Amino acid sequence: MTFELPKPPVDDADPKALAAEILRSLRYRIGKDASVATQYDWLDAAIQVVRDRIIEHWISSTKQAYEEGAKRVYYLSLEFLIGRLMRDAFSNIGMLETMRKALAELKVDIDVIAALEPDAALGNGGLGRLAACFMESMATVGIPAHGYGIRYANGMFRQEISDGWQVELPETWLDHGNPWEFERRERAFGVGFGGSVESVTGEGGRLERHVWKPTDHVLAVAYDTPVVGWRGTHVNTLRLWSGMPVDPILLDRFNAGDHIGALAESNMADALSRVLYPADSHKAGQELRLKQEYFFSSASLQDILQRHISQYGDLSSLPDKAAIHMNDTHPAIAVPELMRLLMDVHVVDFDAAWDITKRTFAYTNHTLLPEALESWPVPLIDRLLPRHMQIIYAINAEVLLEARASHKFDDEGIRRISLINEDGERRVRMGNLAFAGSHSVNGVSGLHTDLMKATVFADLHRLYPDRINNKTNGITPRRWLIQCNPGLTGLVGKTIGEAFKDDITRLEDIDRFAADAAFREKFAAVKRQNKVRLANLVNERLGIKVDPSALFDVQIKRIHEYKRQLLNIVEAVALYDQIRSRPEKDWLPRVKFFGGKAAPSYHNAKMIIKLINDVAKVVNRDPAVRGLLKIVFMPNYNVSLAEVMIPAADLSEQISTAGMEASGTGNMKFALNGALTIGTLDGANVEIKDHVGAANIFIFGLTADEVAKRRAGGYDPRAVIEASPELSQALSAISSGVFSPDDPERYRDLINGIYDNDWFMVAGDFDAYAKAQRKVDALWRASPEWNAKAIHNVARMGWFSSDRTIREYARDIWNVPA
Ligand code: 26W
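Residues numbered from 1 in each chain as written. Predicted model: local features only at pLDDT ≥ 70, side-chain atom pairs only at ≥ 80, totals over all residues. Heavy atoms only, no water.

Our focus in this paragraph is the sheet that holds strand β20 (residues 590–595). Through backbone hydrogen bonds, the strands of a sheet pair up, either in parallel or in antiparallel fashion. Reading across from one edge, β21-β20-β19-β22-β23-β24 is the order of the six strands in this open sheet, with parallel pairing throughout. Each end of this open sheet is capped by a strand with a single partner; those strands are β21 (629–634) and β24 (698–699). The sheet contact formed by strand β19 (residues 551–556) and strand β22 (residues 651–654) spans two bridges and is parallel. Each bridged residue has a counterpart across the sheet, and for aspartate 553 the counterpart in β22 is leucine 651. Along the sheet, helix α23 (residues 603–621) contacts β20 and β21; its crossing angle with β21, the most-contacted strand, is approximately 145°. Along the sheet, helix α32 (residues 783–795) contacts β19, β22, β23 (676–679) and β24; its crossing angle with β23, the most-contacted strand, is approximately 85°. (Pairing = 2+ DSSP bridges. Helix = DSSP H or I, 4+ residues; strand = E, 2+ residues; numbered from the N terminus. Contact = heavy atoms within 4.5 Å. Axes fitted to C-alpha atoms, helices over the stretch in contact; angles between N-to-C directions.)

Here it is in structure tokens:
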């Protein structure tokens, strides 16, 4: 017998009917009457109403993939920086405006409740946000995909600024519950740690297989969140694992009087999904981090294998039906885990298992910074995951055999290819492991991929020359244009029609309007509105008044020496000095915005935050500046704040030391929203320049090659500083305590770093940067030209859609239709 289920009842275009449905949801799901409902209750009730429609598509998408026997993509990532979901879901399913009206009928302001939704900060920065954009694009282009990660109870810390210093506070995004997630208690897998490996022998004492007997056990419980693609037709799943004890209380221990020890499993389970490591480029290094990596990799693989076996019976067809993608090396332990599951549980021999593994996995590298390349001490892996250590040795033997057979390497080359670093304490190189276990290894911009081939993976690239490929990053235009910039979206729609919403490359159609004075005026008016919105927010949060007609210059991203917020603030100090010494010149009003978090243990990054705030205090209060320069550090930068700041920016700061930013994705978001970029030839800036045209971007500074040459020898930062009066003045002001009268020595070490070594080429690029900034000033004065260039940027950014990136992954790496 089949039942016809009631579908969500009403006409989605009718606000009155929707309002009635919201009231019903409030009553029967939340158990409240409108008279006592809080704003949180309305948020919950509204989400539930739209969620019902999403579930319909979710179930049909899942069914369809199953019935067609479609190949699925599994995206393994320790980070998904998804932010708020309400606007995204409502907008993608086409109900944002009717829901706005329906709520208005009930005297509820959708923008007010939207602001109450917690910003799900399950990531550090670029890598996590990329995973979120990819999930949305996979749903949009209709690829059946699951994201797998950890449901951290505490995501990225909340940043407060106290007396100019960063203070870290816990982020508790689940405090009011989470209407988007579905707990799947029945979808739980055991994950083990520790113990020993036993051999199982068969007839005649022949070794048949190994069995790992872990001593510690936890359960991984699935929480599913639907991911809605554009137009809502395809819905995928983000499955996040939460740790649960197998036995909440170990009764034998409890009864023996060991009441604390009885909670050991419970505590470990809790710790596994407790907190996101907030270091985005320093090795986390802690044992718990490795445990998190194994916890989610193992649970995800067990889930994938169970689904595959129940549908196809055996695992030989796994590579034809599953593409498993590793977002950086964080899930690299999945390589030996799949080998273990194949060999020890499903009794596949090593060669066949290795073949299946390599054909199933692919790996993306997101950074070349040596301090961010993961490696784990052999003794640690041996203790936590003894069977995996054996398998890593076996894989290594295989790889080194191939390397020797190729006759391409001397002993040094072989040592560099080895999965085990033998210099000093022996460590497993997770990048080499991920590389060896994958059929595809990709970088995230053209330059980054070239550098991967030439540096970290030079030897592995020689051994496997077809494995490395490039996939330049992208961003979803739904969140990063349509939702965050309704003004510009409306203007573009009125001008060239709505087709660009389904094919973002059609934005090209507004290119010719750059020559149309009336259009430029309207474009400028939209930008101004967005700037007014940001100015109000700044006033509300910080009590700082900024003038929306000033140039809004924005650098928002993680705080890192290589991203060079220091270059930016030093240049601001130099400008301040000039405004004071030449008051008669017609200086251009400019507001410099900064935002970003420093890893709690990253001393210099925290000093840079304090310096920005110290400089802001002096500059913003100096009457001699007459408001011509303002400096604003926006606390707690996150996805939601980006959605307000990016549409309001005139100038986008993308000024990393060339060769160090793998791609950047903020750079793409700004240009798409009509900011001009000031940037180095680094990461995807190179490709942005190619697309928008050299005349429509401010490129300055050393190239990656030049940086490498300088570092190799002969670079004398002291001489460079002495040759630049502006720079010398600014550096000595900072270092002598002009901005830190309460502690004149505060910046001595930070500034000495520039004099002594200048690894990040702050001095090396200063003059070029300052000169480029004066070009910015000149163009800003010629505002029709500025606006024309900004329009060209918007028009030519379609290629940077993550839909394009995802289609390339689908075609070149995953072998799935898109
Ligand atoms: C082991 C600790 C750790 C954690 C995170 C090391 C490294 C990371 C990431 C690789 C940091 C990251 O987010 N990388 C950024 O990835 C973006 C998406 O590809 C790029 O656009 C950025 O340039 C890159 O810095």
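Another aspect to go through is helix α21 (residues 517–542). With 26 residues, α21 extends 36 Å from end C-alpha to end C-alpha; this agrees with the ideal 38 Å at 1.5 Å per step. Among the residues of α21, those classed as buried are Phe519, Arg520, Phe523, Val526, Lys527, Asn530, Lys531, Leu534, Ala535, Leu537 and Val538. In this structure aspartate 516 caps α21, since a side-chain oxygen of it lies 2.9 Å from the backbone nitrogen of alanine 518. (Expected span 1.5 Å × (residues − 1). Buried < 20%, exposed > 50% of the residue type's maximum accessible area, 1.4 Å probe, protein only. Polar contact = N/O pair within 3.5 Å; in protein donor to acceptor, adjacent residues only side chain to side chain.)

With that settled, consider the environment of alanine 139. Assignment of secondary structure puts alanine 139 in helix α6 (residues 126–141). According to the relative accessible area criterion, alanine 139 is buried, its value standing at 1%. With 94 residues separating them along the chain, alanine 139 and threonine 233 place their C-alpha atoms 8.4 Å apart.

This part takes up the sheet that holds strand β10 (residues 216–228). Reading across the sheet, the nine strands line up as β7-β10-β11-β4-β1-β12-β13-β17-β18 and stay open at both edges, with mixed pairing between neighbours. Every other strand in the sheet has two partners, leaving β7 (182–193) and β18 (468–470) as the edge strands with one partner each. Between one strand axis and the next, the sheet turns by 25° as a mean value, whatever way the strands run. Looking at chain direction, strand β1 (residues 72–76) and strand β4 (residues 145–150) are connected through four bridges and run parallel. The partner of tyrosine 74 across the bridge, within β4, is histidine 146. Contacts between helix α17 (residues 446–454) and the sheet are confined to β17 (440–443) and β18, with β18 contributing the most and set at about 165° to the helix. Helix α33 (residues 802–814) contacts β1, β12 (322–327), β13 (361–364), β17 and β18 of the sheet and is inclined by roughly 115° relative to β12.

Turning next to the environment of proline 214. Topologically, proline 214 is positioned in the loop between β9 (207–213) and β10. Along the chain, proline 214 and serine 196 lie 18 residues apart, while their C-alpha atoms are 6.3 Å from each other. Each residue touching proline 214, except ones within four places of it in the same chain, is listed here: Gly192, Phe193, Gly194 and Gly195.

On to the site of the ligand, then. In the region of the ligand, 21 residues are neighbours, and Leu127, His366, Asn473, Glu661 and Gly664 sit closest. In this structure, an oxygen atom belonging to the ligand sits 3.3 Å away from a main-chain N or O atom of alanine 662. Contacts to the ligand include serine 663, whose backbone N or O atom sits 3.0 Å from an oxygen atom. Compared with its free state, where it exposes 570 Å², the ligand has 96% of that area covered by protein. For the shell around the ligand, a count of residues per class yields seven nonpolar, ten polar and four charged. (Near = heavy atom within 4 Å. Areas by Shrake-Rupley, 256 points an atom, 1.4 Å probe, with all protein chains shown as cover. Nonpolar A, V, L, I, M, F, W, Y, C, P; charged D, E, K, R; others polar.)

The next thing to look at is the pattern of salt bridges. Counted according to the given criterion, the structure contains 58 salt bridges. One salt bridge in this structure joins aspartate 344 and arginine 387, with 2.6 Å as the shortest N-O distance. In this pair, aspartate 344 sits in helix α11 (residues 334–345) while arginine 387 sits in helix α14 (residues 386–406), placing the two residues 43 residues apart along the sequence. Since its relative accessible area comes to 6%, aspartate 344 is described here as buried. On the basis of relative accessibility, which here comes to 6%, the residue arginine 387 falls in the buried class. Ionic pairing is found between arginine 718 and aspartate 756, a salt bridge with its closest N-O pair at 2.8 Å. You can see arginine 718 sitting in helix α28 (residues 717–722) and its partner aspartate 756 sitting in helix α30 (residues 748–756), a full 38 residues away along the chain. Residue class for arginine 718 comes out partly exposed when judged on its relative accessible area of 38%. (Salt bridge = Lys/Arg side-chain N within 4 Å of Asp/Glu carboxyl O.)

This part is about the packing of helix α12 (residues 350–360) against α14. Think of two packed helices as two axes; the pair is described by the angle between the axes and how far apart they sit. Contact pair α12 / α14: the axes reach a minimum separation of 12 Å and the direction vectors enclose 80°. By the angle between their axes, α12 is roughly perpendicular relative to α14. Across from Phe350, Trp354 and Lys358 in α12, the residues of α14 making contact are Ala394, Ile395, Glu398 and Glu402. Counted by class, the contact of α12 with α14 contains four nonpolar, no polar and three charged residues. (Parallel < 35°, antiparallel > 145°, perpendicular 65-115°, else oblique.)

Viewed as axis vectors pointing N to C, helix α29 (residues 725–735) and α30 meet at an angle of 150°, and their least axial separation amounts to 8 Å. It follows from the interaxial angle that α29 and α30 lie roughly antiparallel. Handedness of the α29/α30 crossing: left-handed. Counting all contacts with α29, which are made through Ser728, Leu731, Ile734 and Ser735, the residues of α30 involved are Arg748, Ile751, Ile754 and Tyr755. Here the contact of α29 with α30 is built from residues that sort into five nonpolar, two polar and one charged. (Left-handed = near helix turned anticlockwise from the far one by under 90°.)

Turning next to unusual backbone geometry. In the Ramachandran plot, valine 347 falls in the positive-phi region, its phi being about 50° despite a non-glycine side chain. Classification of valine 347 by relative accessible area gives exposed; the value is 56%. In this structure, asparagine 636 is a non-glycine residue whose phi angle is positive, near 55°. Relative to the elements of secondary structure, asparagine 636 occurs in the loop between β21 and α24 (639–645).

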